[in-house]
Amino acid sequence: MHRQSVVSTFPDTFTVGDGALAPGHLGELTKYVPFELVDAVLDETRTVEQRRRLLPSRVGVYFVLALGLFPHLGYSKVWNKLVAGLPGILVVTPSEKALRDLRRRLGAAPLKALFDVVAGPLAQPRTPGVRYRQWRTVAFDGCSSIKVPDGERNYAWLGRVRHRLGVVGYPTLRLMTLVETGTRGLLGAAFGPKRHGENHYARQLLHLLKEDFLVLADRGFDDGKFLGEVADTGAQFLVRLSSTRRLPTEDRLPDGSYLTRIRHVVVRVIDAEITANCADGSTVRDGYRLVTTLLDASLDPAERLVRLYHERWEIESAYYALRHTLLQGRVLRSGDQVGLEQEMWALLTLYQLLRTAMVDAVESQAGTDPDRASFTVALEAARDQLLIAPTTLNEDRLVGRIGQAVLTQLLPARRMRISARRVKCPLSRYGYAIPTERRPLSSSRVGSLVIDIHSVRPTTPAFLSRRHPSQTPLPPPNPSEPSLLDRAFAVLRSEPGRRWGPRELAKAVNADNVHSYAVLLARWARNGLIHKPQTGVYMLLDEAAPTASSPPPPPRIQGATQLQGTLAVLRSAPDYSWTPHEVAPALGITNVNSLNTQMAKWARRGLIYRTRRGAYTARSSDSHVHQP
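My aim in this report is to walk through the structure given alongside it, one point at a time. Quick caveat, the model's predicted, so the values are computed rather than measured.

Side note on the overall build of the chain
Line of reasoning, step 1. Secondary structure summary: the chain contains 19 helices and 20 strands in total.
Line of reasoning, step 2. The buried share among the 628 residues of the chain stands at 49%.
Line of reasoning, step 3. Taking as baseline every contact in the chain between residues at least 6 positions apart, the subset at least 24 positions apart corresponds to 66%.
Line of reasoning, step 4. Carbon and sulfur atoms make up 50% of the accessible area of the chain, which totals about 30,700 Å².

Let's talk about the environment of Gln-124
Line of reasoning, step 1. Here Gln-124 is to be found in the loop between helix H5 (109–118) and strand E3 (131–132).
Line of reasoning, step 2. The sequence separation of Gln-124 and Glu-363 amounts to 239 residues, and the corresponding C-alpha distance is 8.2 Å.
Line of reasoning, step 3. Contact partners of Gln-124, with chain neighbours within four places excluded, come to Val-130 and Glu-363.

Regarding the nonpolar core
In globular proteins that are soluble, nonpolar side chains generally tend to be buried together.
Line of reasoning, step 1. Counting residues in hydrophobic clusters, the biggest one holds 104 residues, and the most contacted among them are Leu-26, Leu-29, Leu-175 and Leu-326.
Line of reasoning, step 2. The element best represented in this core is helix H11 (residues 337–363), accounting for 14 residues.
Line of reasoning, step 3. Of all hydrophobic cores here, the second largest spans 49 residues; its members include Val-138, Phe-221, Leu-247 and Val-269.

Considering the pattern of salt bridges
Line of reasoning, step 1. Summed over the entire model, instances satisfying the criterion amount to 24 salt bridges.
Line of reasoning, step 2. A salt bridge links Asp-116 to Lys-112; its shortest N-O distance comes to 3.4 Å. Of the two residues, Asp-116 and Lys-112 both sit in helix H5, four residues apart, roughly one turn of that helix.
Line of reasoning, step 3. The partner of Arg-136 in a salt bridge is Glu-180, and the shortest N-O contact between them spans 2.4 Å.

Examining helix H8 (residues 224–232)
Line of reasoning, step 1. Every buried residue of H8 is listed here: Gly-224, Phe-226, Leu-227, Gly-228 and Val-230.
Line of reasoning, step 2. Here H8 starts with a cap whose side-chain oxygen sits 3.3 Å from the backbone nitrogen of Lys-225, and that cap is Asp-223.
Line of reasoning, step 3. Gly-234 occupies a position one or two residues after H8 and carries a positive phi of about 95°.

Description of the packing of aromatic side chains
Line of reasoning, step 1. Evaluation of the coordinates by the stated rule reveals 13 aromatic pairs.
Line of reasoning, step 2. With a centroid separation of 5.8 Å and 70° between ring planes, the pair formed by Tyr-288 and Tyr-309 is classed as edge-to-face. In this pair, Tyr-288 sits in strand E14 (residues 283–292) while Tyr-309 sits in helix H9 (residues 302–309), placing the two residues 21 residues apart along the sequence. A single burial state applies to Tyr-288 and to Tyr-309, both of which are buried.
Line of reasoning, step 3. Taken together, Phe-63, Tyr-75 and Trp-79 form an aromatic cluster joined through their ring pairs.
Line of reasoning, step 4. Here the basic side chain of Arg-312 rests over the ring of Trp-313, its NZ or CZ set 4.7 Å away from the ring centre.
Line of reasoning, step 5. In this structure, Arg-498 is placed above the aromatic ring of Trp-500, and the distance from its NZ or CZ to the ring centre is 3.8 Å.

Regarding the pairing of E14
Line of reasoning, step 1. Of the pairings in the sheet, the one linking strand E10 (residues 236–240) to E14 comprises three bridges and is antiparallel in character. The partner of Leu-238 across the bridge, within E14, is Thr-292.
Line of reasoning, step 2. A loop of four residues connects strand E13 (residues 265–278) with E14, the two strands running antiparallel in sequence, and Gly-281 in this loop sits at a positive phi of about 95°.

Quick notes on the packing of helix H1 (residues 35–44) against H5
Line of reasoning, step 1. Look at H1 against H5: their axes get within 9 Å of each other, and the N-to-C directions meet at 125°. Overall, the two elements H1 and H5 adopt an arrangement that is oblique. Taken as a pair, H1 and H5 cross one another with a handedness that is right-handed. Each of Leu-37, Val-41 and Leu-42 in H1 lies in contact with H5, whose residues at this interface are Pro-110, Ala-113, Leu-114 and Val-117.
Line of reasoning, step 2. When the residues that make up the contact of H1 with H5 are grouped by side-chain class, the tally is seven nonpolar, no polar and no charged.

What about the packing of helix H12 (residues 375–388) against helix H13 (residues 401–408)?
Line of reasoning, step 1. Between H12 and H13, whose axes approach to 9 Å, the crossing angle comes to 145°. Regarding H12 and H13, the two cross each other, and that crossing is right-handed. Contacts from Val-377, Ala-378, Ala-381, Ala-382 and Gln-385 in H12 reach Arg-401, Ile-402, Ala-405 and Val-406 in H13.
Line of reasoning, step 2. Of the residues belonging to the contact of H12 with H13, the class tally is seven nonpolar, one polar and one charged.

Some words on the pairing of strand E7 (residues 172–180)
Line of reasoning, step 1. Burial analysis of E7 places nine of its nine residues in the buried class, which makes it a mostly covered element.
Line of reasoning, step 2. Side-chain alternation along E7 places Thr-172, Arg-174, Met-176, Leu-178 and Glu-180 on one buried face and Leu-173, Leu-175, Thr-177 and Val-179 on a second face that is also buried.
Line of reasoning, step 3. Bridge analysis of strand E4 (residues 135–147) against E7 gives eight bridges, and the strand direction is antiparallel. By the bridge assignment for E7, Asp-141 is matched with Thr-177.

A short note on the side chain of Arg-103
Line of reasoning, step 1. Inspection of the secondary structure assignment puts Arg-103 in helix H4 (residues 96–106).
Line of reasoning, step 2. Of the side chains with opposite charge, Glu-343 comes closest to the buried, unpaired Arg-103, at an N-O distance of 4.4 Å.
Line of reasoning, step 3. Apart from the residues lying within four places of it in its own chain, the contact partners of Arg-103 are Val-64, Leu-67, Tyr-75, Arg-333, Ser-334, Gly-339, Gln-342 and Glu-343.

Remarks on H9
Helical geometry note: an α-helix holds 3.6 residues per turn, so side chains three or four residues apart project in the same direction.
Line of reasoning, step 1. Within the sequence span of H9, burial applies to Ala-302, Leu-305, Val-306, Leu-308 and Tyr-309. Each buried residue of H9 lies within a common arc of 160° when the element is viewed along its axis, so the set occupies one face.

Examining unusual backbone geometry
Line of reasoning, step 1. Even without being glycine, Arg-133 reaches a positive phi, approximately 55°.
Line of reasoning, step 2. When you line up the elements, Arg-133 lands in the loop between E3 and E4.
Line of reasoning, step 3. Of the residues examined, Arg-133 reaches a relative accessible area of 33% and is grouped as partly exposed.
Line of reasoning, step 4. Backbone geometry places Gln-328, a non-glycine residue, at a positive phi of 60°.
Line of reasoning, step 5. Tracing the sequence through the fold places Gln-328 in the loop between helix H10 (314–326) and H11.

Definitions and limits used
- Residues numbered from 1 in each chain as written.
- Predicted model: local features only at pLDDT ≥ 70, side-chain atom pairs only at ≥ 80, totals over all residues.
- Heavy atoms only, no water.
- Helix = DSSP H or I, 4+ residues; strand = E, 2+ residues; numbered from the N terminus.
- Buried < 20%, exposed > 50% of the residue type's maximum accessible area, 1.4 Å probe, protein only.
- Contact = heavy atoms within 4.5 Å.
- Areas by Shrake-Rupley, 256 points an atom, 1.4 Å probe, with all protein chains shown as cover.
- Core = buried A, V, L, I, M, F, W, Y, C linked by side-chain atoms within 4.5 Å.
- Salt bridge = Lys/Arg side-chain N within 4 Å of Asp/Glu carboxyl O.
- Polar contact = N/O pair within 3.5 Å; in protein donor to acceptor, adjacent residues only side chain to side chain.
- Phe/Tyr/Trp six-rings, centres within 6.5 Å; stacked < 30°, edge-to-face > 60°.
- Lys NZ or Arg CZ within 6 Å of the ring centre and 35° of its normal.
- Pairing = 2+ DSSP bridges.
- Axes fitted to C-alpha atoms, helices over the stretch in contact; angles between N-to-C directions.
- Parallel < 35°, antiparallel > 145°, perpendicular 65-115°, else oblique.
- Left-handed = near helix turned anticlockwise from the far one by under 90°.
- Nonpolar A, V, L, I, M, F, W, Y, C, P; charged D, E, K, R; others polar.
- Lys, Arg positive; Asp, Glu negative; His and termini not counted.
- Arc of directions from axis to C-beta.

Shown next as structure tokens:
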């Protein structure tokens with residue numbers, strides 16, 4: 001459908017659409033979402049109205065965005081805000097049902113497409129606080145406290161939130177964003193039910209990472225597979241590891257950090273203890289274990305990376321602005337999945353527009369850190385401009401009225417502060433002070449920060465059986481001796497390409513309890529330290545090769561017993577796991593079930609090795625095996 005190009009211009013230098021299109025604006029923020037962009041998004045998503053309406057689709061997009069500016073007002077009152085600054089233009093006064101129908105007609109697609117356009121890095125490379133060396137710092141994190149109405153359709157999509165005291169009243173959705181820490185602008189977002197973990201939604205944003213990005217993330221993203229996927233994008237990362245994670249030591253660096261390997265990625269681990277001396281005389285200590293792909297200790301000292309990691313908390317400030325300042329902690333409006341998706345994309349788009357206006361303002365004053373721009377000031381100025389001046393498209397000033405408000409009320413320079421993680425909510429896991437928590441309950445200024453890098457060699461802790469929790473664990477190994485994991489790596493490297501069983505490895509490293517050591521091997525394989533090609537078989541990641549999809553041709557066996565013929569077939573391809581169906585034709589056996597039973601008996605007696613259910617290989621010492 002051909003879009004109307006007629007506009008009305010007022011002496012106060014603002015321009016709006018004519019007739020039914022006049023309410024389609026967002027005040028001064030319209031210059032970041034101009035009419036042409038909204039029309040293009042509607043054409044792309046095929047949501048343009050098919051006939052002339054009193055409420056065109058373009059107006060609907062701006063109306064949904066305006067709902068985010070006034071979350072405490074109903075549909076009619078928000079509509080009155082849009083038309084308050086249109087003197088002399090005759091506009092309709094729709095009912096709330098007509099506005100609801102307008103939202104349903106639009107759906108979520110145009111708002112999502114609009115967010116995809118406005119999302120992205122906001123600051124110039126030379127803007128203070130945006131980059132670390134040549135990398136732009138970004139952060140992953142999730143938010144699970146955005147509440148939605150407790151309707152059956154929302155429950156069907158998001159499920160019910162259960163707590164130890166019962167079912168919480170409002171369902172919540174999980175929001176995952178990739179944020180530019182210097183400006184707190186959004187590079188991408190994904191959301192959905194909480195039954196999917198944070199890594200599930202973070203993987204949907206990996207395509208946004210670039211080679212000049214440095215990713216910061218907390219302990220929830222230390223999964224070896226996820227870190228490998230981040231490294232495959234070309235981006236660098238600095239992620240905090242859980243305190244129970246144990247990694248093998250490949251090389252020690254002069255600053256106390258050490259090199260190791262997670263899956264196929266060589267990384268550097270930093271163990272540090274941070275001591276904060278507060279202004280009130282109190283002292284707080286905490287331990288951090290960081291892993292990074294920045295391997296050069298001379299270019300990236302450990303202490304500098306520890307300080308850089310705290311930039312990750314900027315994403316928490318971004319969520320605070322979105323959830324409390326913009327949304328005012330209120331429950332969303334929509335009662336079904338489509339409405340919630342439309343509302344969330346509109347809120348994220350509006351948040352990004354405000355951040356864009358703030359960054360434009362601070363970059364007009366050289367040397368100003370974007371941290372000093374107030375989101376509350378920008379939000380209130382945007383609300384005022386929507387009422388008194390629909391848009392300022394033809395103004396020549398570099399900074400608009402929103403930017404002027406931000407610059408005249410800049411925040412002071414960032415101060416180091418610390419406080420206990422506590423929420424005033426009786427059902428929150430942070431609703432009470434943890435007995436071991438030594439942080440001050442109120443925000444206290446940090447006078448000095450001391451960072452000590454540990455240089456103690458990490459060791460693998462003793463294994464404690466879950467079946468026998470009363471069992472006394474073995475004393476920790478001597479730090480001067482190699483850990484069980486380091487010894488396993490040495491054995492695996494001694495014979496490259498060989499596939500080891502748990503018993504063979506336990507004997508090679510002098511492990512007393514074979515079953516406990518097998519559990520440790522399985523744990524290391526899950527953490528991505530070693531490769532487990534099949535059940536009960538382990539090898540180094542560098543030597544892991546894909547299993548052959550088809551068996552090698554077996555030799556022709558004549559004049560041999562069943563056991564001798566089976567061993568000859570297994571020795572013909574030692575690295576392949578043979579099944580009875582593959583061995584039987586070489587021996588001329590038609591009853592495969594009988595051979596299957598025989599091979600299982602031979603495996604129990606130790607004559608052959610069972611790699612997985614129904615698959616066998618020859619043992620290294622089977623040359624002296626004779627038919628009983």
